[in-house]
6 protein chains.
Amino acid sequence: MSLKRRHENDSMIIGRFQPFHNGHLEVIRKISEASDNMTIGIGSAQYSHTVNNPFTAGERYLMISDTLKDAGIDNAYIVPMEDLNRHSVWVSHIVSMSPPFSVVYSNNTLTKRLFLEAGYALKDPPVYNRSEYSGTEVRRRMLCDEDWRSLVPKAVADVIDSIDGIGRIKGLKDDF
Amino acid sequence: MSLKRRHENDSMIIGRFQPFHNGHLEVIRKISEASDNMTIGIGSAQYSHTVNNPFTAGERYLMISDTLKDAGIDNAYIVPMEDLNRHSVWVSHIVSMSPPFSVVYSNNTLTKRLFLEAGYALKDPPVYNRSEYSGTEVRRRMLCDEDWRSLVPKAVADVIDSIDGIGRIKGLKDDF
Amino acid sequence: MSLKRRHENDSMIIGRFQPFHNGHLEVIRKISEASDNMTIGIGSAQYSHTVNNPFTAGERYLMISDTLKDAGIDNAYIVPMEDLNRHSVWVSHIVSMSPPFSVVYSNNTLTKRLFLEAGYALKDPPVYNRSEYSGTEVRRRMLCDEDWRSLVPKAVADVIDSIDGIGRIKGLKDDF
Amino acid sequence: MSLKRRHENDSMIIGRFQPFHNGHLEVIRKISEASDNMTIGIGSAQYSHTVNNPFTAGERYLMISDTLKDAGIDNAYIVPMEDLNRHSVWVSHIVSMSPPFSVVYSNNTLTKRLFLEAGYALKDPPVYNRSEYSGTEVRRRMLCDEDWRSLVPKAVADVIDSIDGIGRIKGLKDDF
Amino acid sequence: MSLKRRHENDSMIIGRFQPFHNGHLEVIRKISEASDNMTIGIGSAQYSHTVNNPFTAGERYLMISDTLKDAGIDNAYIVPMEDLNRHSVWVSHIVSMSPPFSVVYSNNTLTKRLFLEAGYALKDPPVYNRSEYSGTEVRRRMLCDEDWRSLVPKAVADVIDSIDGIGRIKGLKDDF
Amino acid sequence: MSLKRRHENDSMIIGRFQPFHNGHLEVIRKISEASDNMTIGIGSAQYSHTVNNPFTAGERYLMISDTLKDAGIDNAYIVPMEDLNRHSVWVSHIVSMSPPFSVVYSNNTLTKRLFLEAGYALKDPPVYNRSEYSGTEVRRRMLCDEDWRSLVPKAVADVIDSIDGIGRIKGLKDDF
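Small disclaimer: the values here were computed from a predicted structure and weren't measured.

Caption draft 1: Layout of the interface of chain D and chain F. The interface is formed by 29 residues belonging to chain D together with 29 residues belonging to chain F. Summing both partners gives a buried area of about 2100 Å² for chain D against chain F, and 62% of it is carried by carbon and sulfur. Together, Tyr61, Glu82 and Met97 of chain D form the three largest contributors to the area buried by chain D at its contact with chain F, with a combined 25%. Across the contact surface, chain D and chain F share ten residue pairs in polar contact (both at pLDDT 80 or more). Residue assignment for the side of chain D that touches chain F shows that the elements contributing at least two residues are helix 1 (3-6), helix 3 (57-71), strand 3 (76-80) and helix 4 (90-97) of chain D. Top contributing element to the side of chain D that touches chain F by residue count: helix 3 of chain D, with seven residues. Grouping the constituent residues of the side of chain D that touches chain F by class yields 13 nonpolar, eleven polar and five charged.

What follows is the structure in structure tokens.
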């Protein structure tokens, strides 16, 4: 039995998770239920400390890990993925960093196209309220002292508080 | 309460885990018991497909994850760590990729020196039988068709079988 | 007799060729006639799979090679050139990747300035109808299902068809 | 006595210095007086030959060095600093390239935030007339044949003349 | 008809060609005859100026191109290939730089293993006298003023003479 | 008058300076006297924390700067130079990081060959007692608690003491 066969029900989803929010959790809960195992790839892992990418890969890892524990999701691998900025090798880079998977969930046209050309099965991620839950909106509210806590899992808010995430995002804002 | 204080009992250990063996498991079980949470850093994550570094970061992640599940260890973060080949920034790179930690376990002189200069608490990893359990010895036995399975957790042997790890390591041997 | 003297009538032209079009062919035909040998550098070789850089270096190599064969041009070296993103070393990078040359044809201000400072002879490329023939226009027509085939050599259209180039460029369009 | 203590009155300022102008000199003169020693970091050292970053690190080094000699400032280390494009390791990169320092002068929000998180003392640079003295304004005047010489130290104008800096900046302008 | 099908008789061979010798020519002549088209990948393209890698990619390109012309081989694409030093993405890098191919000729265990895992057809290159024809032996003779010209095609000797290749290899020898 | 003419008596010397010793000082004093200005390039600037490259570029900068002050040498530019690991572009990289120079002093065959091919004037550095003064010997004595202080300028010993250089080099020794 080939490796691919064994992992035919294992899946991958990649996001920047800046920060991880309730929409992400909803999607991951559903993919987790539909999969044997799943990989959550933390994209653009090497970037941090900008208004659009405020959190390090390690901080994002902690947000996701604590949230999954609270949510009782225990079949997900969390893997930081550095960008290589060379699209033609991106799929094989992702594959090398992750436990094996056969299915890719993505709305991103580039991700979909690259995995399609590499022969992977593509699925549309479960739908959620994208106008309410978006990283951009969470970061905007953080900058404007509006309510961002209702958009993220409690564990995420705790991580952001513990690292003074609001201080960081406000401290960076003039530059971008 | 600062982040560092909150994480004063969180720890880090880094290895190449080529492959993960019983000695690694013994060490991690003890560190896991002594820590609130711990990070297992998979070092040299971008390297694979050589006789000394045969397995990808993703394959090593799966070996460790499956083993920890079997062993009932549930407070470990597994994080692939790419080498930057620039020692002066290595600590801050590791820190950025991992959930926060305060204690570093290492026998490696470079790792110890770099974290020491950066002000981290260093501890000697728990002792295990290093002449019996070593990645070098496991790989040697794989090449020579000797018994390597008794040196690794069952989950690791399963992963190696599923990816034809013996075929890979033998297929690479003439070159190195 | 020095190397430079021997190659005083050898020339270089660099483009991204996304894709190679009739204007490119016209220019190269004339430079080819004016040169002993010429290098066609495929710039930004490592980039692909975006709406503005859809094709890999290898696909662009094939477009050019097949076109030159059809056109009976047999004194051109085709060389993919990766960007180093460090202008001060760019000329020596290009020089190291190409057979020797003495003359550079370019309309690009940066290319012209860098080769000028390095002491190369610069010539203006032969004129062609730039409003009709441009990579941007070809890609726009591909996206809009307008006639792009009349803008490119037949061999280029064949390559694009064989790799489902239209599918790729349309599959990527939402992202850029 | 620790290294940090010994260098508690040594400082760092980082700029792109494209080119070095009278405002820079004013700031550095005051920091130089307030410090035992200071490092002048030439940021984005690997970039040059664009309208916004026309000069190489070596050319900028010469502008600063000649100016400091004329101004009688003799306690400054000039250090080109390449960007690593990975903010989380930037502070340790800067630290590794510079003689030791304890104080950082900066108006840049990213620089301030990164050194703040790393535990450095931050000070606001001395004030100068920012509407009159700015690299952008100097480069604009160079392009438009307006008076730029009155905005820079004489030594800087001499370096720019000796490398045909005006020719370079005009030669590049169409591209950006 | 898929791209892969169309190119089922197109092949790839990769070498460092330091320098290109009669054994290489013999192999390429036979592969050329057995293939519709073939790619000759110039490996380690970014390295030069060491005793073991004396020649630039551009110089090696010229050696091969001139030799193929003399030999009447006209179905080969010559492509410099930079090393990425990351084996898991190496195949997709090579694929992105080359016109499409389905068959790989190699004696190198790493190359064979990587293309095997990626699903390519592997063939053993045609046999030639490896004790007589080897890059190591050619370079040794160059250093020792022994007869190296009989080991390489005439066009290669001409290129080496024109760039003072003997001067270079001797000028570098103390260092390695 | 061209830039090159103006700088015809400016020179460059590159070393790793691990650490800077009396032989280096002797050489630099003589070159300094023979030159209008000189650049001291700190090679392999990004490497540190190994037994053979223990000191950071910034630490080496401080050793040299303090020594030159004590020695009354005031016409030297000190410039950290990162390796690019691509020999064909190395000269243009060095040139871009340094104030202009025309003469290169070197005993290193690679450095000499690369600058020779780029058309620079090469000179042999002044002779000194190489068996007594060498970085290797200084580091060996540091490891063995033998007298290393007599081999280096006093300012260098002070820097090494202030950063616990002996502790670092001993702390790293088992690994290499």
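Once you've had a look at it, read on.
Caption draft 2: Representation of the pattern of salt bridges. In this structure the tally under the stated criterion is 75 salt bridges over all chains. Of the charged contacts, one joins Glu82 of chain C and Arg86 of chain A as a salt bridge, the two residues approaching to 2.7 Å between their closest N and O atoms. Of this pair, Glu82 of chain C sits in the loop between strand 3 (76-80) and helix 4 (90-97) while Arg86 of chain A sits in the loop between strand 3 (76-80) and helix 4 (90-97), placing the two residues on different chains. A relative accessible area of 6% places Glu82 of chain C in the buried class. Residues Arg113 of chain A and Asp164 of chain C are paired through a salt bridge, measuring 3.7 Å at the closest nitrogen-oxygen approach. Of this pair, Arg113 of chain A sits in helix 5 (residues 109-117) while Asp164 of chain C sits in the loop between helix 7 (154-162) and helix 8 (165-172), each in a different chain.

Caption draft 3: Representation of the sheet that holds strand 5 (residues 121-123) of chain C. Residue and element names in this part refer to chain C. The strand order across the open sheet formed by five strands is 3-2-1-4-5, and the pairing between neighbours is parallel. Each edge of the open sheet carries a strand with a single partner, namely strand 3 and strand 5. Across the sheet, the axes of successive neighbouring strands diverge by a mean angle of 25 degrees, strand direction being ignored. With three bridges joining them, strand 4 (residues 103-105) and strand 5 adopt parallel strand pairing. Within the sheet, the bridge partner assigned to Tyr105 lies in strand 5 and is Lys123.

Caption draft 4: Representation of the interface of chain A and chain B in the model. Between chain A and chain B, the residue contacts involve 29 residues of the former and 29 residues of the latter. Interface area for chain A against chain B, summed over the two sides, is near 2100 Å², with a carbon-plus-sulfur share of 61%. On inspection of chain A and its partner chain B, the count reaches zero salt bridges. For the pair chain A and chain B, the number of links is ten residue pairs in polar contact (both at pLDDT 80 or more). For the side of chain A that touches chain B, the secondary-structure elements that each account for two or more residues are helix 1 (3-6), helix 3 (57-71), strand 3 and helix 4 of chain A. Counting residues per element, the side of chain A that touches chain B draws most heavily on helix 3 of chain A, at seven residues. Of the residues contributing to the side of chain A that touches chain B, the split by class is 13 nonpolar, eleven polar and five charged.

Caption draft 5: Spotlight on the pairing of strand 1 (residues 11-15) of chain D. All names here are of chain D. The buried count for strand 1 comes to four of five residues, which makes it a mostly enclosed element. In terms of strand pairing, strand 1 meets strand 2 (residues 38-42) through five bridges, oriented parallel. Bridging from a neighbouring strand, Ser11 pairs with Met38 of strand 2. A crossover links strand 1 with its parallel partner strand 2, the connecting element being helix 2 (residues 22-34), and its sense is right-handed. Two elements, strand 1 and strand 4 (residues 103-105), share three bridges in a ladder whose sense is parallel. Opposite Ser11, over in strand 4, you have Val103 as the bridge partner.

Caption draft 6: Structural detail: the packing of helix 6 (residues 135-143) of chain F against helix 8 (residues 165-172) of chain F. Residues and elements named next belong to chain F. The geometry of helix 6 relative to helix 8 is characterised by a closest axis approach of 9 Å and an angle of 85 degrees between their N-to-C directions. Relative to helix 8, helix 6 is oriented roughly perpendicular. Residues Arg139, Met142 and Leu143 of helix 6 form the contact with helix 8, whose participating residues are Ile166, Ile169 and Lys170. A per-class count over the contact of helix 6 with helix 8 returns four nonpolar, no polar and two charged.

What counts, and at which threshold
- Residues numbered from 1 in each chain as written.
- Chains lettered and ligands numbered in written order.
- Predicted model: local features only at pLDDT ≥ 70, side-chain atom pairs only at ≥ 80, totals over all residues.
- Heavy atoms only, no water.
- Contact = heavy atoms within 4.5 Å.
- Buried area = accessible area lost by both parts, 1.4 Å probe.
- Polar contact = N/O pair within 3.5 Å; in protein donor to acceptor, adjacent residues only side chain to side chain.
- Helix = DSSP H or I, 4+ residues; strand = E, 2+ residues; numbered from the N terminus.
- Nonpolar A, V, L, I, M, F, W, Y, C, P; charged D, E, K, R; others polar.
- Salt bridge = Lys/Arg side-chain N within 4 Å of Asp/Glu carboxyl O.
- Buried < 20%, exposed > 50% of the residue type's maximum accessible area, 1.4 Å probe, protein only.
- Pairing = 2+ DSSP bridges.
- Axes fitted to C-alpha atoms, helices over the stretch in contact; angles between N-to-C directions.
- Right-handed = clockwise from strand over helix to strand, strands pointing away.
- Parallel < 35°, antiparallel > 145°, perpendicular 65-115°, else oblique.

On their own, these measurements won't tell you what the molecule is for.
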